[in-house]
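Overview (structure and organization)
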Amino acid sequence: MGGEERGTTLSSSVQKSASPFWTQLWFQLVVAIVAGVWAGLVLHSRAAVLGELGAVVVRLLKALATPLVFFAIVDAIARAPLTGKMGARLIAICITNTTIAALLSIGLGLLIAPGRRVDASQLVVTSTALIVRPELSTRHALEALVPDSLARPFVENQVLAVVLLALAV
């Protein structure tokens, strides 16, 4: 009898959570793509205004992305019940993940050897502008992650610096 009640409750909760297909994201995306193709075919060059509108939407999304990352990290840390043992395990996993990623990138760089098959004498210089190579060092990379103001990473969409700020909070 307990199993029947449980099955009934489960099936009714599944039925309640199933929403109509037209409210689901995949359907809305398909409709938007079809509408965009239709607008391009019918309106031709007059559809360029819609492209400018799309660019504004993308800029708004980019503006929201960095603060959303910050608040998502702060919220996740605030809600997570981490013990000392779990924190140590998390740090060990992060270090392992970083080490594997570094070894893979070094290995792929040695295997592929980008630039080895390029003859630099055949490259044509098309600009007379002076090319300044930035100094590559770990110290400069770490200094770039630490902002000189709290607002700068948000204004310049520096996601790594925002992540560090969120972890510091």
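Please refer to the structure higher up on the page.
Described below are features of the structure shown in this document. (Residues numbered from 1 in each chain as written. Predicted model: local features only at pLDDT ≥ 70, side-chain atom pairs only at ≥ 80, totals over all residues. Heavy atoms only, no water.)

Its place among the elements puts His140 in helix H5 (residues 138-145). Taking relative accessible area as the criterion, His140 reaches 30% and is therefore assigned partly exposed. Side chain to side chain, His140 and Ser137 meet in a polar contact 2.7 Å long. (Helix = DSSP H or I, 4+ residues; strand = E, 2+ residues; numbered from the N terminus. Buried < 20%, exposed > 50% of the residue type's maximum accessible area, 1.4 Å probe, protein only. Polar contact = N/O pair within 3.5 Å; in protein donor to acceptor, adjacent residues only side chain to side chain.)

Within the structure shown, the criterion is met by 4 salt bridges. Between Arg79 and Asp75 there is a salt bridge whose closest N-O contact spans 2.7 Å. Of the two residues, Arg79 and Asp75 both sit in helix H3 (residues 48-79), 4 residues apart, roughly one turn of that helix. Exposure remark for Asp75: the relative accessible area of 35% places this residue in the partly exposed category. A cluster of three or more residues bridged by salt bridges with shared partners is formed by Asp148, Arg152 and Glu156. (Salt bridge = Lys/Arg side-chain N within 4 Å of Asp/Glu carboxyl O.)

Count 3.6 residues to each turn of an α-helix, and residues three or four apart come out pointing the same way. Of all the positions in helix H7 (residues 159-168), only Ala161, Val162, Leu165 and Ala166 are classed as buried. Buried residues along H7 cover an arc of 140 degrees about the axis, so they all sit on one side. Of the exposed residues in H7, the ones pointing more than 90 degrees away from its buried face are Leu160, Leu167 and Ala168. Its buried side turned inward, H7 meets H3, H5 and helix H6 (152-155). (Arc of directions from axis to C-beta. Contact = heavy atoms within 4.5 Å.)

Moving on to unusual backbone geometry. At Ala113, a position not held by glycine, the phi torsion is positive, near 50 degrees. With respect to the helices and strands, Ala113 occurs in the loop between helix H4 (84-112) and H5. We classify Ala113 as buried; its relative accessible area is 13%. Positive phi is not limited to glycine here, since Asn157 has a value of about 55 degrees. In this structure, Asn157 sits in the loop between H6 and H7.

Turning next to the packing of aromatic side chains. Under the criterion given, the structure shown has 5 aromatic pairs. A centroid spacing of 5.4 Å and a plane angle of 80 degrees characterise the contact between Phe21 and Trp22, whose relative ring orientation is edge-to-face. Seen in terms of ring centroids, Trp26 and Phe27 are 5.8 Å apart; in terms of plane orientation they differ by 80 degrees. Their pairing is edge-to-face. Look at Phe27 and you get partly exposed, because its relative accessible area is 24%. Here the aromatic cluster, defined as three or more aromatic residues joined through ring pairs, consists of Phe21, Trp22, Trp26 and Phe27. (Phe/Tyr/Trp six-rings, centres within 6.5 Å; stacked < 30°, edge-to-face > 60°.)

Taken together, the side chains of Leu50, Leu53, Val57, Leu61, Leu64 and Leu68 make up a nonpolar region of the molecular surface, amounting to roughly 590 Å² of accessible area. Of note, Leu64 is situated in helix H3. (Patch = residues over 30% accessible without salt bridge, like charges linked within 9 Å, V, L, I, M, F, W, Y side chains within 5 Å. Areas by Shrake-Rupley, 256 points an atom, 1.4 Å probe, with all protein chains shown as cover.)

Honestly, it's all geometry; don't read function into it.
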